[in-house]
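Structural characterization, general
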Amino acid sequence: MSRVFRVVMVSFAHMHAYSYARVVKELEAEGKVVLEAIYDDNLERLRRVSELYKPKRVYGDFNRLLEEGGVDVAIVASENAKHVKYTIPLLDRGIHVLVEKPIATRLEDAELMVKTASRRGVKLQVAFVMRYHDASHYVLMRIRELGKIYSITSTNHGKCPFEWFIDPELAGGGAIMDHVVHVADLIRWYTGEEFEEVLAFTGRNIYPELRVEDNAILLGRLRNGAVFSIDCSWSRPVNWPTWGDVYMHIIGERGAIFLNAFNQNISVADEKGFKWVYYGPDADRNMIEDFLSVVERDEKPRASGIDGLRALEVVLAAYKSIREKRPVKILELYT
Amino acid sequence: MDEIFRCDVLAGKIRVGVIGAGFIVKFAHLPSLKILSSRFEVKVVFSKSIENAKIAALEYSVPEATDDWRSIVRRSDVDAVIIATPNYTHKTIAVEAARAGKHILLEKPVALRLKDAVEIVKECEKAGVKLLVAHCLRFWPEYVKVRELILSGTIGEPRVVRAYRLSLFPGKMWHKFMEFSGGVTVDLMIHDIDYSIWILGDVEEVYGVKLRVTGNTVDSPDHSAALLKFKSSAIAYLEASWAFPRGYPFTTYLEIAGSKGLLTVDNRTTQTITIYRNGVAESTAPLEIRAYVEQLKAFAEWIDRDVKPPIDPWEAVKALQVALAVLESSEKNAVVKISEVV
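Residues numbered from 1 in each chain as written. Chains lettered and ligands numbered in written order. Predicted model: local features only at pLDDT ≥ 70, side-chain atom pairs only at ≥ 80, totals over all residues.

With respect to the pairing of strand β5 (residues 103-107) of chain B
The side chains of a regular strand alternate between both faces of the sheet. Residues and elements named next belong to chain B. For clarity, the threshold we go by: In this scheme every C-beta is placed from the backbone, and a residue whose C-beta has 20 or more other C-beta atoms within 10 Å is buried, one with 12 or fewer is exposed, and one in between is partly exposed. Going along the chain from the N terminus, every DSSP run of H or I of four or more residues is numbered as a helix, and every run of E of two or more is numbered as a strand. At least two bridges found by DSSP between two strands are what make those strands a pair. If the strands point away from the viewer and the path from the first strand over the helix to the second runs clockwise, then the crossover is right-handed.
β5 sits mainly inside the fold: five of its five residues count as buried. The alternating pattern of β5 places His103, Leu105 and Glu107 on one face and Ile104 and Leu106 on the opposite face, and all of these are buried. Across four bridges, the pairing between strand β4 (residues 80-83) and β5 is parallel. Across the sheet, the residue bridging to Ile83 is Leu106, located in β5. For the crossover from β4 across helix α4 (residues 90-99) to β5, the handedness is right-handed. Both β5 and strand β6 (residues 131-134) contribute to a ladder of four bridges, which runs parallel. Of the residues in β6, the one forming a bridge with Leu105 is Leu132. Tracing the backbone out of β5, into helix α5 (residues 114-127) and back to the parallel element β6 gives a crossover that is right-handed.

Here it is in structure tokens:
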């Protein structure tokens, strides 16, 4: 990267922001970027992360950030429902945006984001970080060997994240909104196929106090007839030795592939208990470096706004399926 | 013999006729009967191929072999039969055995049609014979332990279950046909259906998919996945497959998330022995036979002392009903209520 990009971090509501900021600081130390600014609508958090990451400028007022400008790229990691209100004006001002997943909570928001990026000729990338994880990328390189794909079974389990993730307005839903999109995106990426239809069941909540679903399983079909399932439940207890998983088994006409992306762990027991310490690939770093390279070289992002929109369709079809107790075709979302 | 397998000898030995001499009989039932020779005396073994019957008889020191199963049912010196024939023959053989007053250990699935299953159970009730349908997970060490953990409240109320049963095509001619085997859903997924009902209670509704992946079958699905919603509002994802490639080891996985915790058990990580020989790795946990021994012991205890086994015949009917609902759902592409499957 020859250009030194000026980066603004927009909101630290999503915990992934801390890892992204860590990467930005690493790249800053290597002279590749500058952490130009941090914006957050939570002033207490803004003070805390500013002390931690020491940006050049600090904003508690989004409009002032927009007025003063002076940034090239933005990383938006706000609450899901706020992605649209931050992303659109940034794109409008010619600022390239890497937005946390899911791209948005409503189809119309996602469409507007995609259209705005396209109209302004700037990059909109969705943080589908699994496209940058070495193991899940390796599946892409080998999956052709299986020939025709018949079945993909997947899980993206996690711990209940609480905070705003369990606020129906800010998060746009629960475990389905939070965890379906990563693996839905991988399924599209691996097969080159679009989703056709989704049926979802959600059971009684693990955490009865929540106003959003904390467990659900999707079962459906791609357009080529392959079946897929996604378990997106926040079913890992607080004291589970790791945060969760990204697991898949894929059956094709010439074989099967198993992916267990976060299986590289060291088992550690200390005075606090038992846990797994991850030593696998740093996908966040790979993703942010690639995003900057895409901007620099004016290439197509590995995971674009359209990819974000397609994954969101699966989420919204799952919610519709639960409401209507039947399989829902993706196309029905547009009628 | 190992201490865990030893039992007290009661009145007299249960005299058994083994109907079927396929994989499960050779791998499980005959070796288990041998281990439990203080309780059982095997009189005769049947295979529709007399050569096969004689080989099994020789190998397990059974005095007689036959290719006429009716001759076993008619024998007055046989108290009980083990029926481990292809699925589509269960009904005819079980009904005749019941009418002849034989106690029955019947391989799963109980039958292929609900009305046949009901008929078998009713005939057994009418004849006053004991019918143990071999849903062996109810005796399988990790599945029994998981149930104990659930019952003791370790993970609170169960909410989300995942279970896989992944294998190669079993390779018998009758598996290829839906009308003979019921496909992978009725033949294999029924294990996890029965087990999850045992843990979670009755199923309210299901959604299922089925596929033919390999060219190994004629019209049997060889891959099936299902979502179950229980009356308790718990949900389950079950997957059963015969579609895995050559060399793939038989895989079972079980995960239950509850209101207070989570448990998982994966047979890919619990093997105690791996042997490398002739370029192939063979992994196993040698006590796997124990489940079949426990199953037979439960059968003996029921016959000899009227101790109820952990599976009631009507529960086997219920498991079949849910498996058939999964098939119906996958044909209609709609959610199917169990109460509507008759």
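Concerning the environment of Leu137(B)
All names here are of chain B. Cut-off, in case you're wondering: Each residue is represented by a C-beta atom placed from its backbone, and any two residues with such atoms within 7 Å are regarded as in contact.
Along the chain, Leu137 turns up in the loop between β6 and α6 (141-151). A count of 25 C-beta atoms within 10 Å places Leu137 in the buried class. Sequence separation between Leu137 and His191 is 54 residues; the distance between their C-alpha atoms is 6.7 Å. Non-local contacts of Leu137, meaning those with residues more than four positions away in its chain, are made with Tyr143, His191, Asp194 and Tyr195.

Overview of the interface of chain B and chain A
As a reminder, the rule being used: Residue classes follow a fixed rule: Ala, Val, Leu, Ile, Met, Phe, Trp, Tyr, Cys and Pro count as nonpolar, while Asp, Glu, Lys and Arg count as charged, and any other residue, Gly among them, counts as polar.
Between chain B and chain A, the contact holds 27 residues from the first and 26 residues from the second. A class-by-class count of the residues in the side of chain B that touches chain A yields 18 nonpolar, five polar and four charged.

Quick look at the pairing of strand β2 (residues 40-46) of chain B
Residue and element names in this part refer to chain B. With five of its seven residues buried, β2 lies for the most part within the structure. Pairing geometry for strand β1 (residues 14-19) and β2, over six bridges, is parallel. Bridging across to β2, Ile19 finds its partner in Phe46. Read as a crossover between parallel neighbours, the route from β1 over helix α1 (residues 23-35) to β2 is right-handed. As judged from the three bridges shared by β2 and strand β3 (residues 64-66), these two strands associate in the parallel manner. The residue of β3 that forms the bridge with Val45 is Ala65.

Examining the environment of Asp202(B)
Residues and elements named next belong to chain B. Within the fold, Asp202 resides in the loop between α8 (183-200) and β8 (203-211). A sequence separation of 116 residues divides Asp202 from Lys318, and the C-alpha atoms of the two residues are 8.5 Å apart. When neighbours within four sequence positions are excluded, Asp202 is seen to be in contact with Ile197, Phe230 and Lys231.

Brief notes about the nonpolar core
Our working rule: Each nonpolar core reported here comprises buried Ala, Val, Leu, Ile, Met, Phe, Trp, Tyr and Cys residues connected via C-beta atoms within 7 Å.
Counting 221 residues, the largest nonpolar core has Val180(A), Ala318(A), Val45(B), Val81(B), Ile104(B), Leu227(B) and Ala323(B) as its most contacted members. Ranked by residue count, the leading element in this core is helix α8 (residues 175-191) of chain A, at 11 residues. Residues contacting Val45(B), with those up to four places away along its chain left out, are Val18(B), Ala21(B), Ala53(B), Ala56(B), Ala57(B), Val62(B) and Ala65(B).

Brief notes about helix α9 (residues 283-297) of chain A
All names here are of chain A. Cut-off, in case you're wondering: Multiply 1.5 Å by the residue count of a helix minus one, and that product is the helix's expected span. Throughout, the arc means the angular range of directions from the helix axis out to the C-beta atoms.
In a regular helix each residue adds 1.5 Å, so 15 residues correspond to 21 Å; α9 covers 21 Å between its end C-alpha atoms and thus fits that length. Of the positions making up α9, those classed as buried are Ala283, Met287, Ile288, Phe291, Leu292 and Val295. Angularly, the buried residues of α9 cover 170° about the axis, an arc narrow enough to put them on a single face. Facing away from the buried side of α9 by over 90 degrees, the exposed positions are Ser293 and Arg297. Those residues of α9 that are buried lie in contact with β1 (5-10), α1 (16-29), β2 (33-39), β4 (73-76), β5 (96-99) and β6 (124-126). Looking one or two residues beyond α9, the residue adopting positive phi is Asp298, at roughly 55°.

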